[in-house]
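Descriptive analysis of the structure
Below, each chain spelled out in residue letters.
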Amino acid sequence: MRTRRRTRAVDFAVAPWNLVRDVVLPGALAGTLGAFAMAVLACAFSGVLHGEPWRPALLVAGLFFRDGTAQGVGAVLLGVFIHFSVAGGMATGFALLLPRRGTAVAALCLGVLYGMGLWTVMTWLMIPFASPPLSHEAPTSMLFLLHLAFGAALGTTPAFRNVLARADRLRRGLQLLGQGA
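Residues numbered from 1 in each chain as written. Predicted model: local features only at pLDDT ≥ 70, side-chain atom pairs only at ≥ 80, totals over all residues. Heavy atoms only, no water.

1. Comments concerning the overall build of the protein
The helix and strand tally for the protein stands at 8 helices and 0 strands. Taken from N to C terminus, the helices and strands of the protein fall in the order α-α-α-α-α-α-α-α. Dimensions of the protein, computed from C-alpha atoms along their principal axes, come out at roughly 65 × 35 × 25 Å. Buried residues in the protein amount to 37% of all 181 residues. With an accessible surface of roughly 10600 Å², the protein has 72% of that area assigned to carbon and sulfur atoms. Computing the positive centroid from 15 side-chain charges and the negative centroid from 6, the protein places the two 21 Å apart. (Helix = DSSP H or I, 4+ residues; strand = E, 2+ residues; numbered from the N terminus. Buried < 20%, exposed > 50% of the residue type's maximum accessible area, 1.4 Å probe, protein only. Areas by Shrake-Rupley, 256 points an atom, 1.4 Å probe, with all protein chains shown as cover. Lys, Arg positive; Asp, Glu negative; His and termini not counted. Charge placed at Lys NZ, Arg CZ, Asp CG, Glu CD.)

2. Side note on the side chain of Thr157
Locating Thr157 in the fold gives a position in helix α8 (residues 157-180). A residue is classified by how much of its surface remains accessible, and Thr157, at 0% relative accessible area, is buried. Apart from the residues lying within four places of it in its own chain, the contact partners of Thr157 are Pro26, Ala30, Phe94, Ala95 and Leu98. (Contact = heavy atoms within 4.5 Å.)

3. Some words on the packing of aromatic side chains
The final tally for this structure, using the stated rule, is 3 aromatic pairs. Both rings, one in Phe94 and one in Tyr114, keep their centres 5.1 Å apart while their planes meet at 50°; by these two values the pair is tilted. Of this pair, Phe94 sits in helix α4 (residues 72-97) while Tyr114 sits in helix α5 (residues 104-130), placing them 20 residues apart in sequence. For the pair Trp119 and Trp124, a centre-to-centre distance of 6.5 Å together with 75° between the ring planes defines the contact as edge-to-face. Looking at Trp119, the relative accessible area reads 17%, which means it is buried. You can call Trp124 exposed: its relative accessible area is 53%. Linked through ring pairs, Trp119, Trp124 and Phe144 together constitute an aromatic cluster. (Phe/Tyr/Trp six-rings, centres within 6.5 Å; stacked < 30°, edge-to-face > 60°.)

4. Details of the nonpolar core
Ranked by internal contacts, the top residues of the largest apolar core, which has 23 residues, are Ile127, Leu134, Leu143, Leu146, Phe150 and Leu154. Every element with two or more residues in this core is listed here: α2 (19-50), α3 (55-60), α4, α5 and α7 (140-154). Residues within four places of Ile127 in sequence aside, it is in contact with Met122, Pro132, Leu134, Ser135 and Leu143. (Core = buried A, V, L, I, M, F, W, Y, C linked by side-chain atoms within 4.5 Å.)

5. A short note on the packing of α5 against α7
The geometry of α5 relative to α7 is characterised by a closest axis approach of 7 Å and an angle of 145° between their N-to-C directions. The two elements α5 and α7 cross, and the hand of that crossing is right-handed. From α5, Leu108, Gly111, Val112, Tyr114, Gly115, Met116, Leu118, Trp119, Met122, Thr123, Trp124 and Ile127 reach across to α7, where they touch Thr140, Leu143, Phe144, His147, Leu148, Phe150, Gly151, Ala152 and Leu154. (Axes fitted to C-alpha atoms, helices over the stretch in contact; angles between N-to-C directions. Left-handed = near helix turned anticlockwise from the far one by under 90°.)

6. Quick look at the pattern of salt bridges
Enumeration according to the criterion identifies 7 salt bridges in this entry. Here Glu52 and Arg55 are joined by a salt bridge, their closest N and O atoms 4.0 Å apart. Under the relative-accessibility criterion, Glu52 is labelled partly exposed at 32%. For Arg55, a relative accessible area of 18% translates into the label buried. Across the pair Asp168 and Arg171 runs a salt bridge whose closest N-O atoms are separated by 2.4 Å. In this pair, Asp168 and Arg171 both sit in helix α8, 3 residues apart, roughly one turn of the helix. (Salt bridge = Lys/Arg side-chain N within 4 Å of Asp/Glu carboxyl O.)

In structure tokens form, the structure reads like this:
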């Protein structure tokens, strides 16, 4: 236990805060994980309820196909791209707000709260404006469950930060070793 604390203290002492390592990459990774979890759950729910597992992506593509006429592989890919892009941006915002020295449990709790806040903003403000087809067809209870899954995935941000900090420390150690030779 002492070794872990000492290693962590050395990590923070040696490695100053870095925007890319501490915010952008962990946010992008956690956002990708959260978007994937949301997409899998949404496709499973839609497959069971409507028999069309690709329907959520088509509804998200309603950002550009506002009359609900999105069809085909191109529209599905557009919906997936929009979904993952928005999730990555939201997760990067979460990583920016999350304290650097926070614990995994705190990150999980804050992530779930962040997911509930996103559900509120997205369901009542953004989705009716951005994608009318999604606003008309998606039940708010299902969207709530999907955003809880996204928030739980945001709890992985400290783990991604630790992995990236260790990789950065290893990279710096190898650079110093190379300079000494």
